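A look at the structure
If you want the building blocks of each chain, they are given just below.
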Amino acid sequence: MSYADSARTVFADMLDMLDSVVAKAQDAGMNDDVLAEKLTDDMFPLELQIRVAVNQVLLALNQVGGKTEPLEETAYRSLAEVRERIAAVRARIDKADPADWADANAIVDLTLPNGVRFVMSSEEDIRDWLLPNFYFHVTMAYALLRKAGLALGKMDFLSHMARHKVAAADQS
């Protein structure tokens, strides 16, 4: 499996999880004020954690996926809008043909807004930069929803594992 196939699978699985927990928040009657929830004063609120996570997918498509996708710059105003934006980006990752992604050894020259510069291969960009950042912000969103009182467990975070579950009758 190529790095592009692996990355697309991870992004799709975790976007599905993020959509699922936001839907669960809606079903539990949480209002849109939860988007302002923070773990600490120096961390991003839930809304920005989700938006940054979504932007990691778009950055992957832009940096190595051969796309020019605009980043999500406008703050999400509601849980419904969060779900709409997740679905839109999920559709983009589904349409992204791995054959269009840069060769695993192609060079990515990345300069952050603070001036820090990284030079790495396309595969390293995904593995060492984009996926860890994506997981960080997805995990923060999950933690913020738990902090806000949403009943979530580990299997909510790992919901994609349901496709690997063995039925009790098949375990012998």
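Above this note sits the structure.
The rules behind these values
- Residues numbered from 1 in each chain as written.
- Predicted model: local features only at pLDDT ≥ 70, side-chain atom pairs only at ≥ 80, totals over all residues.
- Heavy atoms only, no water.
- Buried < 20%, exposed > 50% of the residue type's maximum accessible area, 1.4 Å probe, protein only.
- Helix = DSSP H or I, 4+ residues; strand = E, 2+ residues; numbered from the N terminus.
- Pairing = 2+ DSSP bridges.
- Expected span 1.5 Å × (residues − 1).
- Bend = angle between axes of the 7 residues up to and from the residue.
- Axes fitted to C-alpha atoms, helices over the stretch in contact; angles between N-to-C directions.
- Parallel < 35°, antiparallel > 145°, perpendicular 65-115°, else oblique.
- Left-handed = near helix turned anticlockwise from the far one by under 90°.
- Contact = heavy atoms within 4.5 Å.
- Nonpolar A, V, L, I, M, F, W, Y, C, P; charged D, E, K, R; others polar.
- Core = buried A, V, L, I, M, F, W, Y, C linked by side-chain atoms within 4.5 Å.
- Phe/Tyr/Trp six-rings, centres within 6.5 Å; stacked < 30°, edge-to-face > 60°.
- Polar contact = N/O pair within 3.5 Å; in protein donor to acceptor, adjacent residues only side chain to side chain.

1. Let's talk about the pairing of strand β1 (residues 107–111)
- Only one face of β1 is covered, namely the one carrying V108 and L110; the face carrying I107, D109 and T111 has none of its residues buried.
- Where β1 lies against strand β2 (residues 117–121), five bridges are found, and the strand directions are antiparallel. Paired with V108 across the bridge in β2 is M120.
- Linkage of β1 to β2, two consecutive antiparallel strands, is achieved through a turn of five residues, within which G115 is found at a positive phi near 95 degrees.

2. Some remarks on helix α4 (residues 122–147)
- An ideal rise of 1.5 Å per residue puts 38 Å on 26 residues; α4 measures up with 36 Å between its terminal C-alpha atoms.
- At L130, α4 shows its maximal bend, which comes to roughly 35 degrees, and the proline P132 appears one to four places after that position.
- Positive backbone phi, at 105 degrees, marks G149, one or two positions downstream of α4.

3. A word on the packing of helix α1 (residues 3–27) against helix α3 (residues 79–95)
- Contact geometry for α1 and α3: axes closest at 10 Å, N-to-C directions at 165 degrees. Relative to α3, α1 is oriented roughly antiparallel. The interaxial crossing formed by α1 with α3 has left-handed handedness. Across from R8, F11, A12, L15, D16, L18, D19, V22, A23, A25 and Q26 in α1, the residues of α3 making contact are L79, A80, V82, R83, I86, V89, R90, I93 and D94.
- Of the residues assigned to the contact of α1 with α3, the class counts are 13 nonpolar, one polar and six charged.

4. A few points about the nonpolar core
- One finds I50, W101, I126 and L145 to be the most contacted residues of the largest nonpolar core, which totals 48 residues.
- Taken together, the elements giving at least two residues each to this core come down to α1, α2 (46–63), α3, β1 and α4.
- Among all residues touching I126, those that are not within four sequence positions of it are Y3, A7, A60, V64, W101, L131 and P132.

5. What to know about the packing of aromatic side chains
- By the definition in use, this model includes five aromatic pairs.
- Seen in terms of ring centroids, Y3 and W101 are 5.9 Å apart; in terms of plane orientation they differ by 70 degrees. Their pairing is edge-to-face. With Y3 in helix α1 and W101 in the loop between α3 and β1, this pair connects stretches of sequence that are 98 residues apart.
- Here W101 falls in the buried class, since its relative accessible area comes to 6%.
- Ring geometry for F11 against F134: centres 4.9 Å apart, planes inclined by 85 degrees, an arrangement best described as edge-to-face. Of this pair, F11 sits in helix α1 while F134 sits in helix α4, and the two are 123 residues apart along the sequence. The pair F11 / F134 is uniform in exposure class, with both members buried.
- An aromatic cluster is defined as three or more aromatic residues linked by ring pairs; in this entry it consists of F11, F134 and Y135.

6. Some remarks on α3
- In this model α3 runs 25 Å from its N-terminal to its C-terminal C-alpha over 17 residues, within 8% of the 24 Å that 1.5 Å per residue would give.
- Regarding α3, the residues found buried are L79, E81, V82, I86, V89, R90 and I93.
- Buried positions along α3 lie against α1 and α2.

7. Focus: the environment of Y142
- Position of Y142 relative to the elements: it lies in helix α4.
- Taking the relative accessible area as the measure of exposure, Y142 reaches 11% and is therefore buried.
- Placed 120 residues apart in sequence, Y142 and V22 show a C-alpha to C-alpha distance of 8.9 Å.
- Sequence-distant contacts of Y142, that is, excluding residues within four places in its chain, are made with L152, G153, K154, D156 and F157.
- Within the local environment of Y142, its side chain forms a polar contact with the backbone oxygen of G153, the two atoms lying 2.9 Å apart.

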